[in-house]
Amino acid sequence: MVALSCVLSVITVYTLPQGGGITAFSQVPIVIISYRHGLKWGAFSGFVLSVFQMISGIVNFSYVNTIGAYIAVALFDYLIAFTILGFGGMFRNRIKNQALSIGLGAGVVSVIRLVCHFLSGVTVWADYAEGWQSVWAYSLAYNGSYMGVETAITVLGVVLLSSVLDFRAPNLIRKRK
């Protein structure tokens, strides 16, 4: 599933000029791992994905020049941002309706990922904001523009899959009533 997530992340619908973009359901496999196998497996899978994402985005480190900026990019744009996807199954045992549970979890972790990129934008990428523009507004607009769509795609993907698959069942087969 981590490999599938990596492959889906390469299939981009739209890429923004300073990084970030809309992918073809790349967050969905990690959310499913979390829902099916628990938060520990989900977080570990999200962390592995974060390392692959950092390696594939290594060029982004060439745009920063302080140790603090390197650490902020590594944490906020990669390690925390993608590891958090592994908590997408957080509502599995709290909400019985599978579609609602996994959809809500996917939405929450996507918003937390947006917050990570927003913080990176404010702390590291502030120079890209125009002189008249607030750094906070710039970071929210820039990162929100792709993460809003990415969130919708992820929630839609897990809800649609949950309507045909039973993620709680070992064989994924949905029981007919």
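None of these values were measured; they are calculated from a predicted model.

Caption draft 1: Broad picture of the nonpolar core. One finds Leu49, Val73, Ile102 and Val124 to be the most contacted residues of the largest nonpolar core, which totals 28 residues. Elements with a contribution of two residues or more to this core: helix H1 (2-10), helix H2 (28-37), helix H3 (39-56), helix H4 (67-83) and helix H5 (98-123). The biggest single contributor to this core is H4, with seven residues. Apart from the residues lying within four places of it in its own chain, the contact partners of Ile102 are Val31, Ile32, Tyr35, Gly88, Val158, Ser162 and Phe167. Judged by nonpolar contacts, the second largest core, of nine residues, contains Ile22, Tyr146, Met147 and Ile153.

Caption draft 2: Main features of the side chain of His117. Along the chain, His117 turns up in helix H5. Classification of His117 as buried rests on a relative accessible area of 4%. For His117, the residues in contact, after removing those within four places along its chain, are Phe76, Asp77, Ala81, Ser139, Asn143, Tyr146 and Met147.

Caption draft 3: Just a nonpolar patch on the surface, in detail. Together, Ile67, Tyr70, Ile71, Leu75 and Ile80 make up an exposed nonpolar region whose accessible area comes to about 440 Å². Within the element layout of this structure, Ile80 appears in helix H4.

Caption draft 4: Layout of the packing of H2 against H5. Two elements in contact, H2 and H5, have axes separated by 10 Å at closest approach and are oriented at 125°. In terms of axis orientation, H2 runs oblique to H5. Considering only the axes of H2 and H5, their crossing is right-handed. Residue-level contacts link Val31, Ile32 and Tyr35 of H2 to Gln98, Ser101, Ile102, Ala106 and Val109 of H5. A per-class count over the contact of H2 with H5 returns six nonpolar, two polar and no charged.

Caption draft 5: The packing of H1 against H2, seen in detail. Axis separation between H1 and H2 bottoms out at 8 Å; the angle between their running directions is 160°. With respect to H2, the axis of H1 lies roughly antiparallel. Residues Val2, Leu4, Ser5 and Leu8 of H1 form the contact with H2, whose participating residues are Pro29, Ile30 and Ile33. A per-class count over the contact of H1 with H2 returns six nonpolar, one polar and no charged.

Cut-offs and rules
Throughout this document, residue positions are counted from 1 along each chain, in the order its sequence is written. Owing to the predicted nature of the model, reporting of local features is limited to residues with pLDDT of at least 70; listing and counting of side-chain atom pairs is limited to 80 or more, with chain, interface and lining totals taken over all residues. With hydrogens and water excluded, all non-hydrogen atoms of the structure serve as input to the side-chain values. Only buried Ala, Val, Leu, Ile, Met, Phe, Trp, Tyr and Cys residues count toward a nonpolar core, and they belong to the same one when joined by side-chain atoms within 4.5 Å. Exposure categories follow from relative accessible area, calculated using a 1.4 Å probe and restricted to protein chains: below 20% of the type maximum is buried, above 50% is exposed, and the middle band is partly exposed. What counts as a helix is a DSSP run of H or I of at least four residues, what counts as a strand is a run of E of at least two, and both are numbered from the N terminus. Note on definitions: a residue-residue contact is assigned when non-hydrogen atoms from the two residues lie within 4.5 Å. Each patch is built from residues that are more than 30% exposed by relative accessible area and take part in no salt bridge. Like charges join if they lie within 9 Å; nonpolar side chains (Val, Leu, Ile, Met, Phe, Trp, Tyr) join within 5 Å. To be clear on the numbers: accessible area is Shrake-Rupley with a 1.4 Å probe, and residue cover counts the displayed protein chains and nothing else. Salt bridge, as used here: a side-chain nitrogen of Lys or Arg that lies within 4 Å of a carboxyl oxygen of Asp or Glu. Angles shown run from 0 to 180 degrees and are taken between the N-to-C directions of axes, each axis being a line fitted to C-alpha atoms and, for helices, limited to the stretch in contact. Roughly parallel here means an angle under 35 degrees, roughly antiparallel means over 145, roughly perpendicular means 65 to 115, and every remaining angle is called oblique. Crossings are classed by handedness, with left-handed meaning an anticlockwise turn of the near helix from the far one by less than a right angle and right-handed meaning a clockwise turn. Only Asp, Glu, Lys and Arg are considered charged in this grouping, and only Ala, Val, Leu, Ile, Met, Phe, Trp, Tyr, Cys and Pro are considered nonpolar; every other residue, Gly among them, is considered polar.

These values are about where atoms sit, not about what they do.
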